[in-house]
Amino acid sequence: MTVYSWNMLYRNRHLDDAFEFIRSAPYDVFCLQEVPDGMLERLGTLPGELAFRRDVEKVYADKTVSMHNVILSKYAIRASAEIDFPDYDHGEHLRTRLFRRIMPMHFPETRDRGGLYADVDVDGQIVRVFNVHLILARPAWRLEEFERAMAERDPSLPTIVCGDFNTLEKPHITVLNWLFGAPLSHAALYRRERFIIEKRFVTHGLWNPLRGHPTHGMSRSQLDHILVSRQMAVSRAEVVRDRRGSDHHPIFAAISLDGNSGAR
């Protein structure tokens, strides 16, 4: 099966191109983050099945903007469920309050954040597919959200975890961790978050086939992930070059349910 994941950017100004890319991609399952309302309606016209949950609602001075996490599947979806994330207090630190005031368009107040999973029937085998968009704030909050999602995992089921994890791993970008209230060490020790999250992947029996491959130009980090459980193997995983109006590159993986085949 071929699985795609892409944060398509809710401000994407090339929505027709983005839709055509999604429509024509050779996917069996496609996980999307930051899907705007109008695009959600268009995705519902594609063949197959769809599950979604609000990604986040951003609250600006003059409007609110909703976006969604979406799982498209050409296999039957037997069940799906939402995963609720906490509402964090972003104003705890003076530096955070000042930063958010300076950058209100990029870092507004948020509410109703969450992800979802869908149980996909792949030729009689149920595969649990997660789709999450972890918060761009402190690493500890991202880790808490990841663990909330993994609490919904059934170890007996082959599992795929897709999404934008916002894992920052380069010295020019990890200053955001400090600006959002984390200790200075979370900015200076710029590889720390990657080390910690990869350990959690191992603990949950998951493998990251695109480790070391940046998926976001400005951060030069692997923000986007397709993780697979030990019951599965990956014969091919790539970062798609064309971003089609997003700041994230799409990614895909060719996955086998036979854990003894393919490459690991």
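None of these values were measured; they are calculated from a predicted model.

*Asks:* Is there a simple way to explain helix α3 (residues 94-102) in this structure?
*Replies:* Structurally, the α-helix is built with 3.6 residues per turn, so residues lying three or four positions apart point the same way. Within the sequence span of α3, burial applies to T96, F99 and R100. Angularly, the buried residues of α3 cover 95° about the axis, an arc narrow enough to put them on a single face. Seen from the buried face of α3, the exposed residues on the opposite side, beyond 90 degrees, are L94, R101 and I102. Tucked inside the fold, the buried residues of α3 contact β6 (109-111) and α5 (175-179).

*Asks:* What should I look at first to understand unusual backbone geometry in this one?
*Replies:* Note on backbone geometry: most residues besides glycine have negative phi, and most peptide bonds are trans. Its identity is not glycine, yet D112 carries a phi of approximately 55°, on the positive side. Mapped onto the fold, D112 is located in the loop between β6 and β7 (114-122). Residue classification places D112 among the partly exposed residues on the basis of a relative accessible area of 32%.

*Asks:* Can you help me understand the pairing of strand β9 (residues 159-164) in this one?
*Replies:* The side chains of a regular strand alternate between the sheet's two faces. In terms of burial, β9 is largely enclosed, as six of its six residues are buried. Burial along β9 is two-sided: T159, V161 and G163 facing one way and I160, C162 and D164 facing the other are all buried. In the sheet, strand β8 (residues 125-133) pairs with β9 via six bridges, with the strands oriented parallel. The residue of β9 that forms the bridge with R128 is T159. Here β9 runs beside strand β11 (residues 224-229); their pairing, made up of five bridges, is antiparallel. Paired with I160 across the two strands is V228, which belongs to β11.

*Asks:* So what exactly am I meant to see when it comes to the confidence of the model for the chain here?
*Replies:* Detailed reading of the predicted coordinates is not advisable wherever pLDDT is low. A residue-level look at the chain finds 97% of positions with pLDDT of 70 or above and a mean pLDDT of 93. pLDDT under 50 marks residues 260-264. Its contacts with residues more than four places away, or in other chains, come to 15 contacts.

*Asks:* How should the sheet that holds β6 be read in this particular structure?
*Replies:* Hydrogen bonds between backbone atoms are what pair the strands of a sheet, whose relative direction is either parallel or antiparallel. Taken in spatial order, the seven strands of this open sheet run β6-β3-β4-β2-β1-β13-β12, and their pairing is mixed. The sheet terminates laterally at β6 and β12 (233-239), the two strands that pair on one side only. For this sheet the average axis-to-axis angle between neighbouring strands, irrespective of direction, equals 20°. Pairing of strand β2 (residues 29-36) with strand β4 (residues 64-73) involves six bridges; the strand directions are antiparallel. The partner of L32 across the bridge, within β4, is V70.

*Asks:* When you look at the sheet that holds strand β5 (residues 76-84) in this model, what are you seeing that I'm missing?
*Replies:* Read across the sheet, six strands follow the order β5-β7-β8-β9-β11-β10 without closing on themselves; strand pairing throughout is mixed. In this open sheet, the two strands that pair with only one neighbour each are β5 and β10 (206-207). Two strands pair when backbone bridges link them, and β5 and β7 are joined in this way by eight bridges, in the antiparallel orientation. Paired with S80 across the two strands is A118, which belongs to β7. Across the face of the sheet, helix α4 (residues 139-150) comes into contact with β5, β8, β9, β10 and β11 while running at roughly 160° to β8.

*Asks:* Any chance you could explain the state of the cysteines here in plain terms?
*Replies:* Counted according to the given criterion, the structure contains zero disulfides. In this structure C31 is not part of a disulfide, and its nearest cysteine sulfur, from C162, lies 3.6 Å away. Take C31: its relative accessible area is 0%, and that puts it in the buried class.

Cut-offs applied
Residues numbered from 1 in each chain as written. Predicted model: local features only at pLDDT ≥ 70, side-chain atom pairs only at ≥ 80, totals over all residues. Heavy atoms only, no water. Buried < 20%, exposed > 50% of the residue type's maximum accessible area, 1.4 Å probe, protein only. Helix = DSSP H or I, 4+ residues; strand = E, 2+ residues; numbered from the N terminus. Arc of directions from axis to C-beta. Contact = heavy atoms within 4.5 Å. Pairing = 2+ DSSP bridges. pLDDT = per-residue confidence, 0-100. Axes fitted to C-alpha atoms, helices over the stretch in contact; angles between N-to-C directions. Disulfide = S-S within 2.5 Å.

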